[in-house]
Amino acid sequence: MTTLAVLEQRDGTLRKVSYEVVTAAARLGSAVDAVVCSSAGPEGCASAIAERAKSGGYGAVVFAATAAGKDLAARVAAKLGVGVAMDVTELSVEGGTIVATRPVYAGKAMQKVRVLGKPAVISVRPSVFTPPPGAQASQAKPESLSVASPGRVVVREIKAAPAGTLDVAEAQVIISGGRGLKEPANFKVLEELARAFGGRAAVGASRAVVDAGWRAHADQVGQTGKTVSPSLYIAVGISGAIQHLAGMRTSKVIVAINKDKDAPIFKVADYGVVGDLFEIVPRLTEEIRKLHA
Amino acid sequence: MKIAVCIKRVPDSETRVKIAADGKTIDEAGVKFVMNPYDEFAVEEALRRKEKAGAGEVAVFCLGPAAAQETIRTALATGADRGVLLRVDKIPTDPFEAAKLIAAELKGTTWDLILFGRMAIDDYNTQVGTLVAELLGLPCVTAVSHLDIDGTKGVAEREIEGGIEVVDFSLPAVLTTDKGLNEPRYPALKGIMAAKKKPLEVKPAQPGAGAFEVVALTPPPERKEGKIVGEGPEAVGELVRLLREEAKVL
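With that settled, the discussion passes to helix 2 (residues 42–55) of chain A. Residue and element names in this part refer to chain A. The end-to-end C-alpha separation of helix 2 is 20 Å, in line with the 20 Å expected for 14 residues at 1.5 Å each. Looking at the buried side of helix 2, the elements it contacts are strand 1 (3–7), strand 4 (32–36), strand 5 (60–64), helix 3 (67–80) and strand 12 (153–160). After helix 2 finishes, the residue Gly-57 shows a positive phi value of roughly 60 degrees.

Have a look at this one:
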């Protein structure tokens with residue numbers, strides 16, 4: 001049975017995560033049809049996608065577990081009479097049944113489930129199902145779905161974050177700061193390091209500094225914030241509370257910079273540097289700049 | 001304003017997760033349970049909306065075990081008027097089964113708003129509010145971090161990757177709440193005392209089998225032992241070398 005991949009666009013351009021959706025859909029071993037919906041009404045899109053899923057007789061419908069994708073997946077699933085296997089990080093077919101693994105308790109445990117819904121509705125975590133290099137151009141040629149009516153919920157506008165800022169959920173490199181930064185203004189040290197990565201890095205934050213109002217909730221990494229899996233996570237001045245570790249432990253490589261050599265963050269870090277972050281981070285920024293020069 | 005708030009009882013975020021002997025669930029021994037943090041924003045928003053309107057009702061619904069009455073009492077202590085526990089032995093793995101039970105309970109009453117937290121911090125399903133909205137045929141906006149309501153018109157803001165979406169919607173509606181929407185109040189002693197006398201109805205509920213079958217619950221892959229590269233800015237050169245040559249992430 002064919003799989004339906006629901007891609008994501010913004011301002012007429014496919015988002016990077018769309019290629020990951022196609023890559024994940026292909027794991028199910030069947031042919032993949034791709035669709036995209038550009039209506040400002042999620043209700044309209046949900047109806048169009050559900051209609052297509054029914055008429056095409058698809059065995060599975062795959063979304064991105066982004067803000068828009070999670071919202072849309074649930075709407076579509078309900079119309080199809082099933083739930084969503086949400087935020088999946090591993091996907092396979094075993095004995096004809098789709099098996100999905102998803103982090104639960106913010107990644108403190110992995111739940112492996114057989115998805116028996118007909119169709120199976122799945123959303124995949126961003127930055128996990130990375131397409132093989134060079135595959136992007138040929139992979140996704142989605143059909144654009146037309147929407148009869150946008151519905152009762154309409155996106156009036158998107159207030160874009162300042163140019164050059166990247167969302168922590170999608171960044172390949174995350175530099176997160178905690179109480180060790182001492183005051184909100186000092187986050188500029190981390191922002192400079194992020195910039196040195198040339199548009200690939202985002203600045204994250206611990207719950208302590210978000211609760212203190214130093215940083216936006218959008219930047220919070222941890223159990224009541226975002227669960228992230230970048231290639232490189234640099235924790236600066238973060239001691240490493242359980243709820244924070246849960247949110248970042250699936251990062252490929254973790255670096256910790258902290259003045260307390262006994263901080264729990266060093267237990268999950270691949271590489272640790274002990275000392276004054278205000279001396280260490282600027283030096284690191286310099287080195288990264290040199291690499292990208 | 002007549003507002004329904006749907007809440008869930010979950011393990012506290014500081015819980016160390018231990019897998020139970022069945023290999024499919026967590027060992028609940030010694031686990032502290034709390035109201036799902038995102039639901040606190042839903043309860044608070046409901047209370048503020050009712051206070052602003054000067055009249056109405058805030059009813060709290062919870063699908064969970066008998067012990068979840070305590071979670072409902074917490075909501076009543078902050079000011080909610082009444083509670084309903086849809087008592088199940090075990091919360092269904094399939095969120096659609098949970099949604100069906102909740103929708104069946106909410107059906108038949110005209111609510112101005114039905115509020116949920118945007119997700120539960122235990123199963124991370126992030127969908128029950130939306131599923132209930134669809135089952136009830138109501139508009140839904142998820143992950144609301146700012147809300148303006150004027151009559152039957154609402155404007156919500158929700159965080160998306162790299163920005164904020166501004167969404168127009170019509171009431172009655174189902175909204176799921178995110179951090180940032182408000183600052184939840186703590187129950188005062190007076191509220192805690194009053195909560196003991198507020199109505200709390202317990203209704204046994206029977207979830208269907210659902211379409212999700214847990215194969216296993218496992219600890220996350222262990223990270224291999226890391227190393228301290230060194231101390232102070234002098235260690236940065238070696239750190240960068242390791243990130244390039246060993247970890248190959250630069």
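The next subject is the domain arrangement of chain A. Residue and element names in this part refer to chain A. Split by domain assignment, chain A resolves into domain 1 (3–144) and domain 2 (173–292). Centre-to-centre separation of domain 1 and domain 2, based on C-alpha positions: 30 Å. Taken together, the contacts link 8 residues of domain 1 with 10 residues of domain 2. Its residues assigned to classes, the side of domain 1 that touches domain 2 shows 4 nonpolar, 2 polar and 2 charged.

What follows concerns the sheet that holds strand 11 (residues 143–144) of chain A. By way of backbone hydrogen bonds, the strands of a sheet pair with one another, either parallel or antiparallel. All names here are of chain A. In spatial order, the strands read 6-10-5-1-4-11; together these 6 strands make up an open sheet with parallel pairing. The sheet is open, and its two edges are formed by strand 6 (84–88) and strand 11, each paired on a single side. Here strand 1 runs beside strand 5; their pairing, made up of 3 bridges, is parallel. By the bridge assignment, Ala-5 is partnered in strand 5 with Val-62. Across the sheet, helix 2 lies against strand 1, strand 4 and strand 5, angled at about 165 degrees from strand 1, the strand it touches most. On the sheet, helix 3 packs against strand 1, strand 5, strand 6 and strand 10 (120–124) and is oriented at approximately 175 degrees with respect to strand 10.

What follows deals with the environment of Lys-8 of chain B. All names here are of chain B. Mapping Lys-8 onto the fold places it in the loop between strand 1 (2–7) and strand 2 (9–11). On the neighbour-count criterion, Lys-8 (24 C-beta atoms within 10 Å) is buried. Separated by 105 residues in the primary sequence, Lys-8 and Leu-113 have C-alpha atoms spaced 18 Å apart. Apart from the residues within four sequence positions on either side, Lys-8 is in contact with Asn-36, Asp-39, Cys-62, Gly-64 and Ala-120.

Moving on: the packing of helix 9 (residues 277–292) of chain A against helix 6 (residues 236–245) of chain B. One way to put it is that helix 9 of chain A packs onto helix 6 of chain B with a least axis distance of 10 Å and a crossing angle of 50 degrees. Viewed along their axes, helix 9 of chain A and helix 6 of chain B adopt a mutual orientation that is oblique. Seen along the crossing, helix 9 of chain A lies across helix 6 of chain B with a hand that is right-handed. Note on element contacts: helix 6 of chain B touches helix 9 of chain A through Val-236, Gly-237 and Val-240 of chain B, opposite Ile-280, Arg-283, Leu-284 and Glu-287 of chain A. Within the contact of helix 9 of chain A with helix 6 of chain B, the residues separate by chemical class into 4 nonpolar, 1 polar and 2 charged.

Reading guide: rules and limits
- Going along each chain's sequence as written, the residues are numbered from 1 onward.
- Labels follow written order: the first chain is A, the first ligand is 1, and so on.
- Residue-level local features of this predicted model are given only where pLDDT is at least 70; pairs of side-chain atoms are given and counted only at 80 or more, and the full residue set underlies all totals for whole chains, interfaces and linings.
- In this text, helices come from DSSP runs of H or I with a minimum length of four residues, and strands from runs of E with a minimum of two, each type numbered from the N-terminal end.
- Helix span, expected: 1.5 Å multiplied by one less than the number of residues in the helix.
- Distance between backbone-placed C-beta atoms decides contact: two residues are in contact if it is within 7 Å.
- What fixes the domain bounds is an automatic or database domain assignment.
- Under the convention adopted here, Pro, Cys and the residues Ala, Val, Leu, Ile, Met, Phe, Trp and Tyr are nonpolar, Asp, Glu, Lys and Arg are charged, and Gly plus all remaining residues are polar.
- Following DSSP output, two strands are said to pair if at least two bridges run between them.
- Orientation is described by lines fitted to C-alpha atoms, with helices fitted over the stretch in contact, and by angles between N-to-C directions that extend from 0 to 180 degrees.
- Partly exposed residues are those falling between the two cut-offs: more than 12 but fewer than 20 other C-beta atoms within 10 Å of their own, whereas 20 or more means buried and 12 or fewer means exposed, with C-beta atoms placed from the backbone.
- Orientation is classified from the angle alone, with under 35 degrees giving roughly parallel, over 145 giving roughly antiparallel, 65 to 115 giving roughly perpendicular, and any other angle giving oblique.
- Each crossing is labelled by how the near helix is turned from the far one, with a counterclockwise turn of less than a right angle marking it left-handed and a clockwise turn marking it right-handed.

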